[in-house]
Amino acid sequence: FCLERILYEMRASRYQALSPVNGLLSCLAIHASDPHHPELARCIAGLEAWRWEDEDKGIRYAGARSNAWDTAFVLRAALEAPEPWRQRQPMLEGYGFLRNTQMKEELEGRERERRDPVLGGFCFSDGAHRWPVSDCTAEALSAILEMHADPALAPSSALRIADGLIQKAITFVLARQNQDGGFGTYERRRAGSFLEALNPSEMFGQCMTERSYVECTASCVSALARARTARTEEGSPLLSRAIMGKVESSIRRAIHFLGSQQRPDGSWAGFWGIHFTYAIFHVVEAFHAAGRRSADPTLRRAVKWLLSKQKADGGWGEHYTSAMTGHYVEHSESQASNTAWALLALLGAGEAPASAPVMRAVRWLGSKQLPDGSWPTQAPAGVFFGTAVLDYTLYKNYFPTWALARHTKLCERP
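All of these numbers come straight from a predicted model, not from anything done at the bench.

Chemist: Tell me about a nonpolar patch on the surface, and name the residues and values.
Modeler: Nonpolar side chains collect at one region of the surface, where Val21, Leu24, Leu25 and Leu28 lie side by side and expose about 330 Å² of accessible area between them. Mapped onto the elements of the fold, Leu28 is located in helix α2 (residues 20–33).

This is how it looks when you write it as structure tokens:
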């Protein structure tokens, strides 16, 4: 029975599996069952999809691929910039990548295998393994809907993602909401934490069951809030009255969940990034998109916490052990990603762009930028399952760009 489930997963994911860890464990299980299994060679070959090679460190295997995730954030950063800074053609190409990687077919046999629908979703990567995620879909939706709403960037009818597919993406997001109002990743929560006792890995914690994640919930709120005002290509409201009601209810429940997760000191514990700084950026983005303004008590507590963590040089620096200890651990050096998240959150929460803390952060980011426009490589900014550190190589570039773009745009407002 278990072997059949493993084989279905490998076939459904085009032999890549959800990750190289899952894929390798599946290969070992298939080999243990039958060293000459006719599909074993394809499963082993599928592991090569996770291979990464560069001049600095040679060959290794990436724990994840972040193509769609990075593309959505790059587009959102560019959309935040004043219009003269934008480059329409690269942004349309990024839009086209998202259009081409959306899930447009359901998995064969998913009901028998108890897989949730995938139609309309976006994966973390290029979509080849067909495991779409709530927040990846939400961030892609946010970027797509913002481009549709911008007359200078809206794609032509021939390139535009069909309204029906946008609606399917919204349905996909809604289907990932848990009973507590928060959102899971690949599916809603199905079982209790007792399943963690069956964890087959030695390095990952809290990986056996879904739960409600602060960052996923925040991304979904942001996308659903944008969907409320979205229009079809003809100019009519994108959402029907029935779906609008579901979206409004979902946002209310999710905002309540996010508020309930705020700690007494004003922070939120993350799960997928380093760590409190990452979470607070996402939550403030969600509150802002949902219409909460700077006087909101939750936002004021968040701002107070952020300001208490600003370093003497104007930046923010959080150590990855925050994710392991459950409390804020300061890094010895300010980090570009942490500083960008903090700056985006401060501005999103209504802090004045000319205020002293904001200007100190802006100057720090400006002072660290390299001549080619990038920022230097620092400590990894990602984490998952509490113990695995991920090096998002583009975080250090697009998040600072996004933060500086937002600051410039706000300074230009009358």
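Chemist: Provide a residue-level description of unusual backbone geometry, including the pertinent values.
Modeler: In this structure, Tyr15 is a non-glycine residue whose phi angle is positive, near 70 degrees. Here Tyr15 is to be found in the loop between α1 (2–12) and α2. Tyr15 gets classed as buried once you look at its relative accessible area, which sits at 10%. At Arg114, a residue that is not glycine, the phi angle is positive and equals roughly 60 degrees. Looking at the element boundaries, Arg114 is found in the loop between α5 (88–101) and β3 (122–123).

Chemist: Report on the side chain of Ser219, specifying residues and quantitative values.
Modeler: Within the element layout of this structure, Ser219 appears in helix α8 (residues 214–228). Beyond its immediate chain neighbours, meaning those up to four positions away, Ser219 contacts Asp135, Ala138, Glu139 and His282.

Chemist: Can you tell me about the packing of aromatic side chains, naming the residues and giving the values?
Modeler: On inspection of all chains with the given rule, the structure shows 25 aromatic pairs. Consider the rings of Phe73 and Trp402, whose centres lie 5.9 Å apart with planes at 45 degrees: the pair is tilted. Separated by 329 residues along the polypeptide, Phe73 in helix α4 (residues 67–80) and Trp402 in helix α15 (residues 395–412) bring together distant segments of the chain. A residue is classified by how much of its surface remains accessible, and Phe73, at 0% relative accessible area, is buried. Among the residues examined, Trp402 registers a relative accessible area of 0% and is labelled buried. On the basis of an interplanar angle of 65 degrees and a centroid distance of 5.6 Å, the ring pair of Trp272 and Phe385 is categorised as edge-to-face. You can see Trp272 sitting in the loop between α9 (241–261) and α10 (276–289) and its partner Phe385 sitting in the loop between β5 (382–384) and β6 (388–390), a full 113 residues away along the chain. Residue Trp272 shares its accessibility class with Phe385, and that shared class is buried. By the ring-pair criterion, three or more aromatic residues cluster together here, those being Trp69, Phe73, Phe124, Tyr278, Phe281, Trp341, Tyr392, Tyr395, Tyr398, Phe399 and Trp402.

The rules behind these values
- Residues numbered from 1 in each chain as written.
- Predicted model: local features only at pLDDT ≥ 70, side-chain atom pairs only at ≥ 80, totals over all residues.
- Heavy atoms only, no water.
- Patch = residues over 30% accessible without salt bridge, like charges linked within 9 Å, V, L, I, M, F, W, Y side chains within 5 Å.
- Areas by Shrake-Rupley, 256 points an atom, 1.4 Å probe, with all protein chains shown as cover.
- Salt bridge = Lys/Arg side-chain N within 4 Å of Asp/Glu carboxyl O.
- Helix = DSSP H or I, 4+ residues; strand = E, 2+ residues; numbered from the N terminus.
- Buried < 20%, exposed > 50% of the residue type's maximum accessible area, 1.4 Å probe, protein only.
- Contact = heavy atoms within 4.5 Å.
- Phe/Tyr/Trp six-rings, centres within 6.5 Å; stacked < 30°, edge-to-face > 60°.

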